[in-house]
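An overview of the molecular structure
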Amino acid sequence: MGGIEERIQRIKMLIIDVDGVMTDGGIILGPGSIELKRFHARDGMGVTLAKAAGLMVGILTSRDSEVVRRRASELEIDEVQQGFFHKEEGYQAILKRHGLREEEVAYIGDDILDIPILRRTGFSICVADGADEAKQVSHYVTQKKGGEGAVREVVEMLLNGLGKKEEAIVSILSPSKNSAKK
Ligand SMILES: [Mg+2]
């Protein structure tokens, strides 16, 4: 229980839905198994910032696609759970593997399948253009829409709350971190 600032103090991991959160929800289907999604570079830097601040980052999505594996790899995301129509199984696997309690997890979702997770995590967030039902069970609704910087907004909120934003920026800008990203 408690207010948002109090909830943020306990967070150790940010778990993110993909479609409608890391993207605008568009899924471009091509011939065969080709599937394309559009990600926002500032959300990618948000993930990098979160990791630089010592938070773990995970992806939990109902669809299973190669583009998500690629984006997760580029961003060095700690956990990718794909292909669970009901997300609880993937969610529990993440908690178990990292020995996390639910209050130590923040989750960003946008739709009905996210509701069970939004109801349980310590800090639950729905994007601005998410389904009303998902907003109703969330602690916070972003100003930004999915695919348009909502993830970055949440990361900045977490890092500001934890007092770790400056150190994360300094770490990213340090000459030793010179691998191309995003
Ligand atoms: Mg979604």
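Before reading on, note that the structure itself is shown above.
Summary of the structure given here. (Residues numbered from 1 in each chain as written. Predicted model: local features only at pLDDT ≥ 70, side-chain atom pairs only at ≥ 80, totals over all residues. Heavy atoms only, no water.)

Looking only at helices and strands, the protein chain has eight helices and eight strands in total. For a compact globule of 182 residues, the expected C-alpha radius of gyration is about 16 Å, and the protein chain comes in at 15 Å, within 12% of that figure. Working note: accessible area of the protein chain is about 9,100 Å², and carbon and sulfur atoms make up 51% of it. Distance from the positive charge centre (26 side chains) to the negative charge centre (29 side chains) of the protein chain: 4 Å. (Helix = DSSP H or I, 4+ residues; strand = E, 2+ residues; numbered from the N terminus. Rg over C-alpha atoms; globule rule 2.2 N^0.38 Å. Areas by Shrake-Rupley, 256 points an atom, 1.4 Å probe, with all protein chains shown as cover. Lys, Arg positive; Asp, Glu negative; His and termini not counted. Charge placed at Lys NZ, Arg CZ, Asp CG, Glu CD.)

Donor atoms from the polypeptide that coordinate the magnesium ion comprise Asp-17 (OD), Asp-19 (O) and Asp-110 (OD), at 2.0 to 2.2 Å from the metal. Every donor residue of the magnesium ion comes from the same chain, spaced as D-x1-D-x90-D. Residue Asp-19 is found in the loop between β1 (13-16) and β2 (28-29), and its partner Asp-110 is found in the loop between β6 (105-109) and α5 (115-120); the two are separated by 91 residues along the sequence. Of the two residues, Asp-19 and Asp-110, both sit in the buried class. (Donors = N, O, S within 2.8 Å, 3.2 Å for Na, K, Ca; no water. Buried < 20%, exposed > 50% of the residue type's maximum accessible area, 1.4 Å probe, protein only.)

Our next topic: the sheet that holds strand β5 (residues 79-82). Judged by pairing direction, the sheet is parallel, and its six strands sit side by side in the order β5-β4-β1-β6-β7-β8 without closing on themselves. Of all strands in the sheet, those with a lone pairing partner are β5 and β8 (140-141), marking the two edges. Summarising the sheet, strand β7 (residues 123-126) and β8 pair through two bridges and their orientation is parallel. Within β8, the position partnered with Cys-126 by the bridge is Val-141. (Pairing = 2+ DSSP bridges.)

Let's shift gears to unusual backbone geometry. Of note in the backbone geometry, Glu-76 takes a positive phi value of approximately 55° without being a glycine. Tracing the sequence through the fold places Glu-76 in the loop between α3 (66-74) and β5.

Turning to the packing of helix α2 (residues 41-52) against helix α8 (residues 165-173), a few remarks are in order. Relative to each other, α2 and α8 sit at 105°, their axes nearing to 8 Å. By the angle between their axes, α2 is roughly perpendicular relative to α8. Residue-level inspection shows Met-45, Thr-48, Leu-49 and Ala-52 of α2 in contact with α8, the latter providing Ala-168, Ile-169, Ser-171 and Ile-172. Per-class residue counts for the contact of α2 with α8 are six nonpolar, two polar and no charged. (Axes fitted to C-alpha atoms, helices over the stretch in contact; angles between N-to-C directions. Parallel < 35°, antiparallel > 145°, perpendicular 65-115°, else oblique. Contact = heavy atoms within 4.5 Å. Nonpolar A, V, L, I, M, F, W, Y, C, P; charged D, E, K, R; others polar.)

Here the focus is helix α7 (residues 150-162). A rise of 1.5 Å per residue sets the reference length of α7, with its 13 residues, at 18 Å; its end C-alpha atoms lie 18 Å apart and thus fit the reference within 8%. Within α7 the residues assigned to the buried category are Ala-150, Val-151, Arg-152, Glu-153, Val-154, Val-155, Leu-158, Leu-159 and Leu-162. A positive phi of about 70° marks Gly-163, the residue just after α7. (Expected span 1.5 Å × (residues − 1).)

Below, the discussion takes up the side chain of Thr-61. Assignment of secondary structure puts Thr-61 in strand β4 (residues 56-61). Setting aside anything within four residues of it in sequence, one finds Thr-61 in contact with Asp-17, Val-18, Asp-19, Gln-81, Gln-82, Gly-83, Phe-84 and Lys-87.

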